[in-house]
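Listed below, chain by chain, are the residues.
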Amino acid sequence: MAASLTPALKKILVEAGCFFERQGKGDHEIWYSPINDRRFVVDSSIKSRHTANAVLKQAGLPKAF
């Protein structure tokens, strides 16, 4: 099984100025992006690079995976 991409994704988000806002339902976290003034969901174990890139897109960042 593939390793989780979440730690690397969170590192990219923090470096871009995004931050954890609160815990969501289950193992999801709600993050905030000052880049586009939006909130978005980050799962605790993202295995798909497509999902990881979709989160980056919601945060207003370019693809990285």
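Residues numbered from 1 in each chain as written. Predicted model: local features only at pLDDT ≥ 70, side-chain atom pairs only at ≥ 80, totals over all residues. Heavy atoms only, no water.

Draft legend 1. Representation of the sheet that holds strand 3 (residues 38–43) in the model. Reading across from one edge, 1-2-3 is the order of the three strands in this open sheet, with antiparallel pairing throughout. Each edge of the sheet is formed by a strand with only one pairing partner; in this case those strands are strand 1 (19–23) and strand 3. Strand-to-strand twist in this sheet, taken as the mean axis angle between neighbours without regard to direction, amounts to 35°. Where strand 1 meets strand 2 (residues 28–33), four bridges bridge the pair, whose relative direction is antiparallel. (Pairing = 2+ DSSP bridges. Helix = DSSP H or I, 4+ residues; strand = E, 2+ residues; numbered from the N terminus. Axes fitted to C-alpha atoms, helices over the stretch in contact; angles between N-to-C directions.)

Draft legend 2. Highlighting the packing of helix 1 (residues 6–15) against helix 2 (residues 49–58). Where helix 1 contacts helix 2, the axes come no closer than 11 Å and their chain directions differ by 15°. Judged by the inter-axis angle, helix 1 sits roughly parallel to helix 2. Viewed along their axes, helix 1 and helix 2 form a crossing whose handedness is right-handed. For the pair formed by helix 1 and helix 2, the contact residues are Leu9, Ile12 and Leu13 on the first element and Ala52, Val55 and Leu56 on the second. Of the residues assigned to the contact of helix 1 with helix 2, the class counts are six nonpolar, no polar and no charged. (Parallel < 35°, antiparallel > 145°, perpendicular 65-115°, else oblique. Left-handed = near helix turned anticlockwise from the far one by under 90°. Contact = heavy atoms within 4.5 Å. Nonpolar A, V, L, I, M, F, W, Y, C, P; charged D, E, K, R; others polar.)

Draft legend 3. Inspection of the pattern of salt bridges at higher detail. One pass over the structure, following the stated rule, counts three salt bridges. With a shortest N-O distance of 3.6 Å, Glu15 and Lys11 are connected by a salt bridge. Within this pair, Glu15 and its partner Lys11 are both found in helix 1, separated by four residues, close to a single helical turn. Each member of the pair Glu15 and Lys11 is classed as exposed. Salt-bridge contacts for Glu21 lead to Arg39; the nearest nitrogen and oxygen are separated by 2.5 Å. Taken together, the residues span a long stretch of sequence, with Glu21 in strand 1 and Arg39 in strand 3 at a distance of 18 residues. When its relative accessible area of 53% is taken as the criterion, Arg39 is described as exposed. (Salt bridge = Lys/Arg side-chain N within 4 Å of Asp/Glu carboxyl O. Buried < 20%, exposed > 50% of the residue type's maximum accessible area, 1.4 Å probe, protein only.)

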